[in-house]
Amino acid sequence: MNDTPDSLIPYDEIVQEALRAVVGRVLGEVEASGGSLPGNHHFYITFKTQAPGVSIPARLKERFPDEMTIVLQNKFWDLKVESDRFSVGLSFNQVPAMLDIPFSAITAFVDPAVDFGLQFQAIADSDDEPHESAENDSPEQAEHLAVERNEDGSNVVTVDFGRKK
């Protein structure tokens, strides 16, 4: 039995929004530096392809009907960051594509170079079904995707107010 009263303050939503702002700030700093990542930093960004505001080519939406992971490393262009979304150009099987992704659609952000990751609550459904990596044209395609699920004390931040620990 849960003795904790229901909160009238939506703490979970506030924290999720604040953590997504971390992604926006990091991407904004990359944009401000001319679109180049410092050192060995690179990002795996997982997002819901059907979330409101997501704009990706139909062929990618067909291939990834629920969730997709992109890699920002060497081959990306036109990174633009706004207060609620980002857009970026990537190549998939040597075919260029522009993606427009609201921060609210992101479910995971990982920087394997420093063993840092954030996981977010899913927007519509909470199915944790495995999904295929987008495998955009990157030299290390999906090599580090396991980082976001490490159980070895890595810097993955998961916030879930739905469960009592």
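These remarks concern the structure in this document. (Residues numbered from 1 in each chain as written. Predicted model: local features only at pLDDT ≥ 70, side-chain atom pairs only at ≥ 80, totals over all residues. Heavy atoms only, no water.)

**Quick word on the nonpolar core**
- The biggest cluster of nonpolar side chains holds 32 residues, and the ones touching the most others in it are L27, I45, F47, M68, I70, F86 and L99.
- Where this core is concerned, the elements lending two or more residues are α1 (11–32), β1 (43–48), β2 (67–72), β3 (76–81), β4 (85–92), β5 (95–102) and β6 (106–111).
- When residues no more than four places from it in sequence are discounted, the contact partners of I45 are L27, M68, T69, I70, L72, F86, I106, A108 and F109. (Core = buried A, V, L, I, M, F, W, Y, C linked by side-chain atoms within 4.5 Å. Buried < 20%, exposed > 50% of the residue type's maximum accessible area, 1.4 Å probe, protein only. Helix = DSSP H or I, 4+ residues; strand = E, 2+ residues; numbered from the N terminus. Contact = heavy atoms within 4.5 Å.)

**Examining α1**
- Across its 22 residues, α1 extends 31 Å between first and last C-alpha, which sits within 8% of the 32 Å expected from 1.5 Å per residue.
- Among the residues of α1, Q16, L19, R20, V23, G24, L27 and V30 are the ones counted as buried. Angularly, the buried residues of α1 cover 155° about the axis, an arc narrow enough to put them on a single face. Away from its buried face, by an angle of more than 90 degrees, α1 presents the exposed residues E17, R25 and A32.
- One or two positions beyond α1, positive phi appears at G34, with a value near 90°. (Expected span 1.5 Å × (residues − 1). Arc of directions from axis to C-beta.)

**Quick word on the side chain of T46**
- Tracing the chain through its elements places T46 in strand β1.
- Its relative accessible area of 1% is what places T46 among the buried residues.
- A distance of 2.7 Å separates the side chain of T46 from the side chain of T69, its partner in a polar contact. (Polar contact = N/O pair within 3.5 Å; in protein donor to acceptor, adjacent residues only side chain to side chain.)

**Focus on the sheet that holds β3**
- Reading across from one edge, β3-β4-β5 is the order of the three strands in this open sheet, with antiparallel pairing throughout. Two strands bound the open sheet, and with one partner strand each, they are β3 and β5. Sheet twist, expressed as the average angle between the axes of neighbouring strands with direction ignored, equals 15°. (Pairing = 2+ DSSP bridges. Axes fitted to C-alpha atoms, helices over the stretch in contact; angles between N-to-C directions.)

**Thoughts on the pattern of salt bridges**
- For the coordinates displayed, the defined rule picks out five salt bridges.
- Between E67 and K48 there is a salt bridge whose closest N-O contact spans 3.9 Å. Pair noted here: E67 is in strand β2 and K48 is in strand β1, with a separation of 19 residues, a long-range link. Side by side, E67 and K48 carry an identical accessibility label, which is buried.
- A salt bridge links D84 to R85; the nearest nitrogen and oxygen atoms lie 3.8 Å apart.
- The exposure class of D84 is partly exposed, given its relative accessible area of 41%.
- Connected through salt bridges with shared partners, the residues K48, D66 and E67 form a single ionic network. (Salt bridge = Lys/Arg side-chain N within 4 Å of Asp/Glu carboxyl O.)

Everything listed is a geometric property; what it means functionally is a separate question.
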